[in-house]
Amino acid sequence: MDEVKALVADIKKGQIKPIYFLMGEEAYYIDKISDFIEDNLLDEAEKGFNQMVLYGRDVTIDDIVSNAKRYPMMAERQVVIVKEAQDLSRTIEKLASYAENPQPTTVLVVNYKYKKIDKRKALYKAINKNGSVVFESKKLYDNQVPDWIRRVLKGQGYDISPKAAQMLVEFLGTDLSKVNNELEKLKIVLPKGTQITPDHIEENIGISKDFNNFELRKAVGERNIVKAHQIAKYFADNPKDNPMVVTVALLFNFFSQLLHLHGMTDKNPRSVASALRVNPYFVNEYLTAARNYPMKKVSAVVALLREFDVKSKGVGANAVPQGDLLKELLVRIMG
């Protein structure tokens, strides 16, 4: 996020580069930077003649270069934006010759989503050599997304409780565009200054605050058999919203973290939060689970979860309903 802010700040100061090659697994920041350039580099009168949006599936590298080499009409510069440039992955290296000597009055923006160019090859070297920008948008890990949510909301005048942020990640995953869409919905109905709570998430997004993977993990860690089976029943009744493969992956990650915790000599909450990369708010859950599951049991559960991961994908358990599989898994974990 800091790199994006710095890049946008440079553009605002007039420090504009001839090429912005935006690549990487996380499409959210690629879109944000590209949209900012599209909306702000030229005024409305200039855009008609001097701003062009191309799509990778419809053009060749020669088409892009031809457009980039045009001179602007009655303006200081022109902007050429290539969206979905990953569709040109087989020929993208041909852009290197243009990158060696880019048109100084053109700003070329290449959106190369979900892929990266080889940093050892000519295109990457040519872009870097001529003072242009190669921006790599990296996918955030699960444990990084709640903090990203908090920072985004803080910058917009909102706050969010740790549990509410975790609910969003559990339900939506690490796709920042998807998460941001849900945050936009919340901002429509909630006034600035609001701290977003699990109740807000449930009321406006439809994620149950009591019956979700986050609460299942907590119940399992506490060996709360009744609560865990209540959640399992809810999951069985709503299988599309609660696929077992996701639940198994979350529990596997949780018990893997417990293995790490058992191996730590310093179990100070701050040290645990840092080592496990979890919000300090949740450390007590991990410490409780570690007391309830000795290391030998944790190792056995990790092996069990590997077995059920395969079964949840239909291998060796085709005729068994997912709800029944989950109930069996919980019995074997907490039994």
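Refer to the preceding data block for the structure.
These numbers were taken from a predicted model, which means no experiment stands behind them.

Turning our eyes to something else, we now look at the sheet that holds strand β1 (residues 19-24). In space, the five strands of this open sheet follow the order β2-β3-β4-β1-β5, with parallel pairing throughout. Each of the sheet's edge strands pairs with one partner strand only, and the pair in question is β2 (51-55) and β5 (133-136). For this sheet, the mean inter-axis angle between neighbouring strands, taken without regard to orientation, is 15°. Of the strand pairs in this sheet, β1 and strand β4 (residues 106-113) are connected by six bridges, and their pairing is parallel.

For the rest of this paragraph, the subject is the nonpolar core. In this structure, Y20, W148, I149, L168, L183 and I201 are the most contacted members of the largest nonpolar core, which totals 42 residues. Those residues in contact with I201 that lie beyond four places of it in its chain are A164, M167, L168, L186, I196, G206 and I207. Membership of the second largest hydrophobic core comes to 40 residues, among which are L251, F254, L258 and M264.

This brings us to the packing of helix α14 (residues 269-276) against helix α15 (residues 283-292). Interhelical geometry of α14 versus α15 gives an angle of 95° and a closest axis separation of 10 Å. As summarised for this structure, α14 and α15 are arranged roughly perpendicular, according to the angle between their axes. Where α14 approaches α15, its residues P269, V272, A273 and L276 are matched on the opposing element by V283, Y286 and L287.

In this section: the pattern of salt bridges. The tally for this structure, following the rule as stated, stands at 24 salt bridges. In this structure, K163 engages E215 in a salt bridge whose closest nitrogen and oxygen atoms are separated by 2.6 Å. Here K163, found in helix α8 (residues 162-172), pairs with E215, found in helix α11 (residues 213-221); they are 52 residues apart in sequence, far enough to count as distant. According to the relative accessible area criterion, K163 is buried, its value standing at 19%.

A separate point is the packing of aromatic side chains. For the coordinates displayed, the defined rule picks out nine aromatic pairs. Relative to F282, the ring of F214 lies with its centre 5.3 Å away and its plane at 75°, an arrangement referred to as edge-to-face. Of this pair, F214 sits in helix α11 while F282 sits in the loop between α14 and α15, and the two are 68 residues apart along the sequence. For F214, a relative accessible area of 2% gives the class buried. Residue F282 is classed as buried on the basis of its relative accessible area, which comes to 3%. Plain terms: the ring middles of F255 and Y293 are 5.2 Å apart, the flat faces sit at 90° to each other, and that makes the pair edge-to-face. In this pair, F255 sits in helix α13 (residues 244-262) while Y293 sits in the loop between α15 and α16 (295-312), placing the two residues 38 residues apart along the sequence. No difference in accessibility class separates F255 from Y293, as the two residues are buried. Three or more aromatic residues joined by ring pairs make a cluster, and in this case those are F254, F255, Y286 and Y293. Positioned over the ring face of Y293 is R223, at 4.3 Å from the centre of the ring. Over the aromatic face of F211 sits the side chain of K227, whose NZ or CZ is 4.7 Å from the ring centroid.

Another aspect to go through is unusual backbone geometry. A positive phi angle is found at M74, which is not glycine, with a value near 55°. Within the element layout of this structure, M74 appears in the loop between α4 (61-68) and β3 (78-83). Given a relative accessible area of 73%, M74 falls into the exposed group. Of note in the backbone geometry, Y114 takes a positive phi value of approximately 65° without being a glycine.

Now for the side chain of E170. Structurally, E170 can be placed in helix α8. It turns out E170 is buried and unbridged, and the closest side chain with the opposite charge, R217, is 4.2 Å from it. Look past the residues within four positions of E170 in its chain and what remains in contact with it is N213, F214, R217 and L250.

When you tally the buried positions in β3, you get six out of six residues, the bulk of the element. Residue alternation in β3 divides its side chains into two sets, Q78, V80 and V82 and V79, I81 and K83, and both sets are buried. After leaving β2, the chain enters α4 and then returns to the sheet as β3, a path that is right-handed. Note that β3 and β4 share five bridges and pair parallel. Counterpart to I81 in the pairing with β4 is V109.

Before going further, it helps to spend a moment on the layout of surface pockets. Estimated volume of the largest pocket: approximately 1000 Å³. Taken together, 44 residues form the lining of the largest pocket, with D142, Q166, V169, E170 and L250 sitting closest to its centre. At the level of secondary structure, the elements contributing two or more residues to the lining of the largest pocket comprise α7 (145-155), β6 (159-160), α8, α11, α13 and α14. Element by element, the count of residues in the lining of the largest pocket is highest for α8, at seven residues.

Parameters at a glance
- Residues numbered from 1 in each chain as written.
- Predicted model: local features only at pLDDT ≥ 70, side-chain atom pairs only at ≥ 80, totals over all residues.
- Heavy atoms only, no water.
- Pairing = 2+ DSSP bridges.
- Helix = DSSP H or I, 4+ residues; strand = E, 2+ residues; numbered from the N terminus.
- Axes fitted to C-alpha atoms, helices over the stretch in contact; angles between N-to-C directions.
- Core = buried A, V, L, I, M, F, W, Y, C linked by side-chain atoms within 4.5 Å.
- Buried < 20%, exposed > 50% of the residue type's maximum accessible area, 1.4 Å probe, protein only.
- Contact = heavy atoms within 4.5 Å.
- Parallel < 35°, antiparallel > 145°, perpendicular 65-115°, else oblique.
- Salt bridge = Lys/Arg side-chain N within 4 Å of Asp/Glu carboxyl O.
- Phe/Tyr/Trp six-rings, centres within 6.5 Å; stacked < 30°, edge-to-face > 60°.
- Lys NZ or Arg CZ within 6 Å of the ring centre and 35° of its normal.
- Lys, Arg positive; Asp, Glu negative; His and termini not counted.
- Right-handed = clockwise from strand over helix to strand, strands pointing away.
- 1 Å grid on protein atoms, 1.4 Å probe; cavity = no way out; pocket = protein on both sides within 12 Å on 5 of 7 lines; lining within 4 Å.
- Points joined across faces, edges and corners; volume = space filled by probe spheres on them.

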